[in-house]
Amino acid sequence: MSIQSFLDSYSAPSHNALFSGFQFAFSDGVEVSNGFGGFLDKGSGQPEINSKTLFDLASLTKLYTATLASILHTKGEFDLDSPISSWSNIGNSLGDITGRELLTHTSGLPAWWEEQESRQKTIDELLSLAPDANQRGTLLYSCTGYSLFSVLAEQKYSMGFDELIKKFLSHPIGLENTHYNPPTDSNNIARSELGTPLGIVHDPRARAMDGVSGNAGLFANATDVLAFLSELINPDSQIITDAVREELFTPTVRDEWNQAIGFRHMDEQRLGSARNFFSHSGFTGTLAMVDTESRKVGVMLSNRLTYETDKDSMAKVYRGFAERVKGD
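Residues numbered from 1 in each chain as written. Predicted model: local features only at pLDDT ≥ 70, side-chain atom pairs only at ≥ 80, totals over all residues. Heavy atoms only, no water.

Engineer: What is the right way to read the pairing of strand S11 (residues 297-302) from this model?
Structural biologist: Along any regular strand the residues' side chains alternate between the sheet's two faces. Within S11, six of the six residues are buried, leaving the element largely enclosed by the surrounding structure. By the bridge criterion, six bridges tie strand S1 (residues 21-27) to S11 in an arrangement that is antiparallel. By the bridge assignment for S11, serine 27 is matched with valine 297. As paired strands, strand S10 (residues 286-290) and S11 are joined by five bridges and run antiparallel to one another. If you follow valine 290 over to S11, its bridge partner there is valine 297. Where S10 folds back on S11, the antiparallel hairpin that results is connected by six residues, among which arginine 295 adopts a positive phi of roughly 65°. (Buried < 20%, exposed > 50% of the residue type's maximum accessible area, 1.4 Å probe, protein only. Helix = DSSP H or I, 4+ residues; strand = E, 2+ residues; numbered from the N terminus. Pairing = 2+ DSSP bridges.)

Quick look at the structure:
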């Protein structure tokens with residue numbers, strides 16, 4: 001069964017639907033293919049998904065944050081292996097954490113906390129955290145490190161994190177359909193979750209941060225995500241150097257999966273037999289995967305929350321998609 005047929009079987013209007021719509025993009029290193037199906041929202045009479053439809057990327061945003069951090073690190077702007085106090089005005093025990101710990105989920109900062117109602121209160125809460133010495137150094141996946149990194153980057157460069165992403169990634173690569181806070185006059189946005197307005201990020205942390213955070217907030221279509229991932233493994237790239245690639249594709253933590261800055265490796269739960277791909281998934285029903293050896297790249301975007309599809313059911317879809325990307 002082709003990728004298109006496989007995803008059609010789980011998308012509206014199928015009676016087995018797990019999401020209202022989807023997009024995918026795939027490259028085998030030479031040729032690119034893509035497709036889409038379903039509707040922008042759950043219910044009858046909804047507009048159809050097309051190739052330009054934007055999806056809430058959720059935690060795929062972390063890959064863009066990780067890439068930005070790796071670029072700035074290799075440019076000598078700061079050292080990811082030095083305490084964050086060396087390039088920020090943070091003191092106390094929080095300042096002893098390194099950037100690498102923030103971006104590999106090993107900082108000892110809490111994975112869960114009570115979300116705040118505004119940007120300033122969220123920043124204040126982030127800056128008041130202290131690492132758990134017993135947890136530090138072990139993998140505890142969360143959004144906290146990425147949220148804090150984006151706050152520190154904004155302070156260091158006196159620039160919004162969305163502007164940093166534009167300056168170093170979106171504009172140089174030509175990602176015209178990748179946005180924080182997508183244009184409000186666009187109706188071509190897939191619903192992230194029932195009850196969430198179109199174009200408003202689902203993630204509560206990013207929403208409190210006025211839509212812009214290092215952990216979530218980006219919207220894009222599959223074609224743009226594929227272009228971003230393809231640039232990461234392009235040896236002729238003028239944007240992504242070998243040193244940046246080494247940061248992104250060298251796991252430094254091993255647990256349920258191997259964790260590099262941003263990317264996971266050997267994530268069998270979501271990739272199955274394609275576990276050798278570097279990957280990341282997103283809470284809204286998104287998946288990005290890249291194999292640095294075969295140069296195959298796959299992107300799947302969906303909106304599982306419109307159908308309240310659980311993560312285990314979605315993992316089965318991810319595995320089916322990933323194994324088709326991997327091929328024989």
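Alright, that's what it looks like, and here's the rest.
Engineer: Looking at this structure, I do not really get the sheet that holds strand S9 (residues 278-282). What am I missing?
Structural biologist: Adjacent strands of a sheet form backbone hydrogen bonds with each other and so pair up, either parallel or antiparallel. Read from one edge to the other, the open sheet built from eight strands follows the order S2-S1-S11-S10-S9-S8-S7-S6, with strand pairing classed as antiparallel. The strands lining the two open edges of the sheet, one partner per strand, are strand S2 (32-38) and strand S6 (253-254). Judged from the two bridges that link them, strand S7 (residues 258-259) and strand S8 (residues 264-265) form a sheet pairing that is antiparallel. From the neighbouring strand, glutamine 259 faces S8, where its bridge partner is arginine 264. Of the strands in this sheet, S1, S2, S10 and S11 are in contact with helix H8 (residues 222-232), which crosses S11 at around 150°. (Contact = heavy atoms within 4.5 Å. Axes fitted to C-alpha atoms, helices over the stretch in contact; angles between N-to-C directions.)

Engineer: Could you clarify how one ought to interpret H8 in this entry?
Structural biologist: Side chains of residues three or four places apart in an α-helix project in the same direction, reflecting 3.6 residues per turn. Counted residue by residue, H8 has eight buried out of eleven residues, so it is predominantly covered. The complete set of buried residues in H8 reads Ala222, Asp224, Val225, Leu226, Phe228, Leu229, Glu231 and Leu232.

Engineer: Even after reading the chapter, I still don't get the side chain of serine 279, so can you show me in this structure?
Structural biologist: Within the element layout of this structure, serine 279 appears in strand S9. Ignoring any residue separated from it by four or fewer positions in sequence, one finds serine 279 in contact with Phe263, Arg264, Asp267, Leu271, Ala288 and Met289.

Engineer: What should I look at first to understand the environment of threonine 196 in this one?
Structural biologist: Tracing the backbone shows threonine 196 in the loop between strand S4 (178-180) and helix H7 (204-208). Sequence spacing of threonine 196 and threonine 306 is 110 residues, and the spatial spacing of their C-alpha atoms is 9.7 Å. Ignoring anything within four residues of it in the chain, the contact list for threonine 196 reads Arg191 and Val201.

Engineer: Explain helix H11 (residues 311-326) here, please?
Structural biologist: For H11, built from 16 residues, the straight-helix expectation of 22 Å at 1.5 Å per residue is met to within 8% by its first-to-last C-alpha distance of 22 Å. Met314, Ala315, Val317, Tyr318, Gly320, Phe321, Ala322 and Val325 are the residues of H11 that are buried. Residues of H11 that are buried in the fold lie against helix H1 (3-8), S1, helix H10 (268-271), S9, S10 and S11. Near the N-terminus of H11, the side chain that reaches the backbone nitrogen of aspartate 312, with its oxygen 3.1 Å away, is that of aspartate 310. (Expected span 1.5 Å × (residues − 1). Polar contact = N/O pair within 3.5 Å; in protein donor to acceptor, adjacent residues only side chain to side chain.)

Engineer: Sorry, what's going on with the environment of aspartate 162 here?
Structural biologist: Of note, aspartate 162 is situated in helix H6 (residues 161-173). On a C-alpha basis, the gap between aspartate 162 and serine 128 in space is 24 Å, while along the polypeptide they are 34 residues apart. The residues touching aspartate 162, leaving out its near neighbours within four places in the chain, are Tyr180 and Val212.

Engineer: It is not clear to me how the environment of phenylalanine 168 should be interpreted in this structure. Could you clarify?
Structural biologist: Within the fold, phenylalanine 168 resides in helix H6. For the pair phenylalanine 168 and glycine 145, spaced 23 residues apart in sequence, the C-alpha separation works out to 20 Å. Dropping the residues within four chain positions of it, phenylalanine 168 is found in contact with Leu68, Ile71, Leu72, Lys75 and Ile239.

Engineer: What am I meant to see in the nonpolar core here?
Structural biologist: Across soluble globular proteins, nonpolar side chains have a tendency to be buried as a group. Counting residues in hydrophobic clusters, the biggest one holds 66 residues, and the most contacted among them are Tyr64, Leu148, Phe149, Phe161, Phe228, Leu229 and Phe263. If we ignore the near neighbours within four places in the chain, the residues touching phenylalanine 263 are Leu63, Leu229, Leu232, Leu248, Phe249, Asn258, Phe278, Ser279 and Val290. (Core = buried A, V, L, I, M, F, W, Y, C linked by side-chain atoms within 4.5 Å.)

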